[in-house]
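Chains, contacts and geometry: an overview
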Amino acid sequence: MDRALKLGVADGAFDGPAARAEVRSETVSLVVENMHCGACMTSIERCLKSVPGVSEARVNLSARRASATFDPARVDVQVLIDALGRAGFRAAEAVEARGDQDVARADDLLRRLGVAGFAAANVMLLSVSVWAGQASDMDKAAAALFHWLSALIAMPAIAYSAQPFFRSAIDALKGRRLNMDVPISLGISLATIMSFYQTLRGTSHVYFDAAIMLTFFLLIGRYLDQHVRVRARGAAENLLGLKSLGALVLDEDGTARRVSARALAPGMKVQVAVGERIPVDGRIVDGVTDVDASLITGETLPQAVGKGGTVHAGTVNLTRPVVVEATATDDSTLLAEIARLMQAAEQGRGQYVRLADRAARQYAPAVHVLGAATFIGWMVFGAGWELSLTHAIAVLIITCPCALALAVPAVQVTATSRLFGKGVILKAADGLERLAEVDTVVFDKTGTLTRGAPVLSNASAIDDATLAEAASLAIASRHPYSKAVLMAADARGIDVRPAEGVTEVPGSGLSAMGPSGERRLGSAAWIDGVSAAHGGAGSLWYGAAGRAPVAFHFDDAVRADAPDVVANLRRAGYGVYLISGDREEAVQRVAHEVGIETWQGAVRPDGKIAVLDALKASGRKVLMVGDGLNDAPALAAAHASLSPSSAADISQTAADAVFQGEELGPVLEAIKVARASQGMAIENFAIALAYNAVSVPMAMAGHVTPLIAALAMSLSSIAVTLNALRLKTARLRLSFVGGRR
Amino acid sequence: MTALAWLIPCALALGAVGLVAFIWALNSGQFQDLEGSGWRAISDDEDDKPRP
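Residues numbered from 1 in each chain as written. Chains lettered and ligands numbered in written order. Predicted model: local features only at pLDDT ≥ 70, side-chain atom pairs only at ≥ 80, totals over all residues.

1. Focus on the packing of helix α13 (residues 385–398) of chain A against helix α24 (residues 665–700) of chain A
Residue and element names in this part refer to chain A.
- It is at 8 Å that the axes of α13 and α24 come closest, and there the two elements cross at 170°. With respect to α24, the element α13 is oriented roughly antiparallel. The segment α13 lies against α24, with H391, A394, V395 and I398 engaging N692, S695, V696, A699 and M700.
- Taken together, the residues that form the contact of α13 with α24 break down as six nonpolar, three polar and no charged. (Axes fitted to C-alpha atoms, helices over the stretch in contact; angles between N-to-C directions. Helix = DSSP H or I, 4+ residues; strand = E, 2+ residues; numbered from the N terminus. Parallel < 35°, antiparallel > 145°, perpendicular 65-115°, else oblique. Contact = placed C-beta atoms within 7 Å. Nonpolar A, V, L, I, M, F, W, Y, C, P; charged D, E, K, R; others polar.)

2. Focus: the sheet that holds strand β12 (residues 316–317) of chain A
All names here are of chain A.
- Read from one edge of the open sheet, three strands run β10-β9-β12, paired in antiparallel fashion. The strands lining the two open edges of the sheet, one partner per strand, are β10 (303–305) and β12.
- As judged from the three bridges shared by strand β9 (residues 289–292) and β10, these two strands associate in the antiparallel manner. Directly across from T289, in β10, lies its bridge partner V305. (Pairing = 2+ DSSP bridges.)

3. Remarks on the confidence of the model for chain B
- Averaged over all residues, the pLDDT of chain B equals 80, while 81% of them reach at least 70.
- Note on the complex model: pTM 0.71, ipTM 0.83. (pLDDT = per-residue confidence, 0-100.)

4. A closer look at unusual backbone geometry
Residue and element names in this part refer to chain A.
- A positive phi angle, near 50°, is found at A602, a position not held by glycine.
- As for its position among the elements, A602 is in the loop between β23 (598–600) and α21 (605–617).
- The class for A602 is partly exposed, based on 14 C-beta atoms found within 10 Å. (Buried ≥ 20, exposed ≤ 12 C-beta atoms within 10 Å, placed from the backbone.)

5. Re helix α7 (residues 163–174) of chain A
Residues and elements named next belong to chain A.
- Over its twelve residues, α7 runs 16 Å from end to end, which matches the ideal 16 Å to within 8%, given 1.5 Å per residue.
- Here α7 has its buried residues at P164, F165 and A169. Buried residues in α7, looked at end-on, bunch into an arc of 125°, giving them a common side. Opposite the buried face of α7, at more than 90 degrees from it, the exposed residues are R167, D171 and K174. (Expected span 1.5 Å × (residues − 1). Arc of directions from axis to C-beta.)

6. Quick notes on the interface of chain B and chain A
- At the interface, 20 residues of chain B touch 20 residues of chain A.
- Among the secondary structure elements, those contributing two or more residues to the side of chain B that touches chain A are α1 (2–27) and α2 (34–41) of chain B.
- When residues of the side of chain B that touches chain A are assigned to their parent elements, the largest contribution, nine residues, is made by α1(B).
- Grouping the constituent residues of the side of chain B that touches chain A by class yields twelve nonpolar, five polar and three charged.

7. Some thoughts on the sheet that holds strand β18 (residues 509–514) of chain A
All names here are of chain A.
- Strands sit in the order β16-β21-β20-β19-β18-β17 across an open sheet of six strands; the sheet is antiparallel. At either margin of the open sheet sits one strand with a lone partner, and together these are β16 (450–456) and β17 (503–505). The sheet shows a mean angle of 20° between the axes of neighbouring strands, taken without regard to direction.
- Sheet topology places β16 next to strand β21 (residues 550–558); four bridges connect them, and they run antiparallel. For V455, the partnering residue across the bridge sits in β21 and is D555.

8. Concerning the environment of A:G619
- Secondary-structure assignment places A:G619 in the loop between α21 and β24 (622–625).
- Each C-alpha atom of the pair A:G619 and A:D439 lies 9.8 Å from the other, and the pair is 180 residues apart in sequence.

9. Here's the deal with the packing of helix α6 (residues 140–161) of chain A against helix α8 (residues 181–201) of chain A
Residue and element names in this part refer to chain A.
- Orientation of α6 relative to α8, taken along the N-to-C sense of each, is 150°, at an axis distance of 11 Å. Looking at the two axes, α6 sits roughly antiparallel to α8. Crossing of α6 over α8 shows left-handed handedness. Contacts from H147, W148, A151, M155 and I158 of α6 reach α8 at I188, T192, F196 and T199. (Left-handed = near helix turned anticlockwise from the far one by under 90°.)

10. Remarks on the confidence of the model for chain A
Residues and elements named next belong to chain A.
- Overall, the prediction assigns chain A a mean pLDDT of 79, with 86% of residues at 70 or greater.
- Of all the helices and strands in chain A, helix α1 (residues 2–12) carries the lowest mean pLDDT, 40, while strand β15 (residues 440–443) carries the highest, 92.
- Confidence over residues 1–21 falls short of pLDDT 50; this stretch has 22 contacts with residues more than four positions distant or in other chains.

11. What to know about the pairing of β24(A)
Residues and elements named next belong to chain A.
- Alternating positions in β24 separate into two faces, V622 and M624 on one and L623 and V625 on the other, with burial throughout.
- Taken together, the four bridges between β15 and β24 define a ladder with parallel strand orientation. The partner of V442 across the bridge, within β24, is M624.
- Note that β24 and strand β25 (residues 640–644) share three bridges and pair parallel. Bridge pairing in β25 links L623 to A640.
- What joins β24 to β25 is helix α22 (residues 632–637), and the crossover it makes is right-handed. (Right-handed = clockwise from strand over helix to strand, strands pointing away.)

12. Details of helix α18 (residues 480–491) of chain A
All names here are of chain A.
- Here α18 contains twelve residues, and its C-alpha end-to-end distance of 16 Å stays within 8% of the 16 Å for a straight helix at 1.5 Å per residue.
- Listing the buried residues of α18 in full gives P480, Y481, S482, A484, V485, L486, A488 and A489.
- Residues of α18 that are buried make contact with β9, β16, α17 (464–474), β20 (539–544) and β21.

Spelled out as structure tokens, the structure:
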């Protein structure tokens, strides 16, 4: 936001001295949904610019964001969001978290990469002439001149470009640790100092080219790694931004104004219209309604809430407009419990050690030992310190971990972009690695295995006329069951005519007076002629004067490809579980339908954690797939976690990746890509190790100059990068994991 | 040999021009939206007028 404000002031300065006094400008970054192409881009910019008071609007299509500069005295952010809404684009103010800092770091790496690339190109140009000159007739003076020029270009470039490695190495040494940057820094700085010394003495052992090429290649890896982080975090922030909605706040004098959800404070009264998501935790101060809490509790049936009743942020208001007084978040026991569980779960997972770091722990000491052994060995054989050091540097450069520094990020870039194309947005940078190790999948029910919206299950038992009459009532309501009735009517091709004078009674149902008497669609207890015992959960009754009441039964529809995904996972040897907070019988039915044998219903959030802990204790690595607020602690506790994009925002924050769309297939795709990428990373290590196995003994024996070492290293880097690119198009199969338990 | 005296500075200067151009492009945010810039080039909107 700092940067944005500065930009705004700079724009204001263009307006000339007279205007500068009054015109203030502010810049806001908006997340815009469903922006896909240049046409959307143009219409969003035009739409924003047409709002009076907006001086500048610019869309960033890659980031799916629009930034607008406006005069805060004339417009506020909500007006811009509303204007975009009218143009058909859902927008929200972006949550500026750590995104800016990450972008700045990526830009910094790119700048260093540019400098290193410039220097590497020029130094190589000079070096190639010197090599060619050694074969022909270049005189000593010209070679010396070229060496001095190389020094002039390479030394400042290395001092600037290699700083990220030096800094990280110094930090590691301060903490009495070794990381991969220690041998890298040692190799680069020793090669540079040694070459400078040899340039002063006028010998031919000058290897600036090796040092700068190494820096250049390693920076590419570092930049790709940072790029993945920036994209992942940007995507996560966009998802969160779109979740935070505006709220209609009622002031003391009864006037209403729109504010962003983040500006809400305890004590404010918020008007919540029918169909809107309740933006705060609070108490109802006016009105009675039904609330859909499926996102919070996993319970599919809406609950009636009256004056004084507690409602949670994220639930949907279904039947009547209400006024909610915001209470502090920590007042609500459910949220407080979730927050406490999440904190404990995150500590439990601890710091996951990434593959590259694990390899580095083994590799870095080995590199140092080999380098030192080479130096000492040549000294013992009386080669003199210069030659000994040259050979030792060649070993350091040869062993330089390009596979670790470049190939793993390259694999991750291809893997994340492939997943992105399939609608899976990776949020945690190490998520892929953890996902690859999973051997057990735990699903939540509502909103994960199921679509989270009920469908009419006994439509075939209801005749067209009755369905049409019920639908004419249902069309007036936002209740999920009403929508299901309407959907069933649509599917039969029935023209639904809205009934006149429909009233909705929260907790009971709909009624309308017609020429032939009252018609009602609602719960069993509310319909004449139906005993309450018939009610049960998951059904409505339709009653009209003088006719027998008709039952409507509802099911939470399973995602179409869920049985398929479960079958695939089981065939590949994964343990598959279903754990839900919903009623036992509903859970059993879904478990049966999708083919999961082990299930548990009516589980509280801490119960889910207990189940995960038990699985962990038996040596399993669990992937949790869930969407509700009640799943958030389990998502944080599991080895890896996925969330649908319809999930509660706290769950999306906890999950490693978020998948979009109506299907469950992306879960399978994510596991496949993660495992393939892990396999590919190991393949790349193998390539690098094979190359080391051949060249390290040669280098120790003194047959490889640092320059040849640098060239060979570059070739191996290119080989592993090309290998990583295969992941983009490879056909993937889910291989068997059964043997890994 | 004398050719080197002006060829090498020329080569370096050209390289440096490229580097400066890259850093200028980076600092002015031209790498921030690679997708959008492609669309802007073929957009019919008059986006190339100087700012007021």
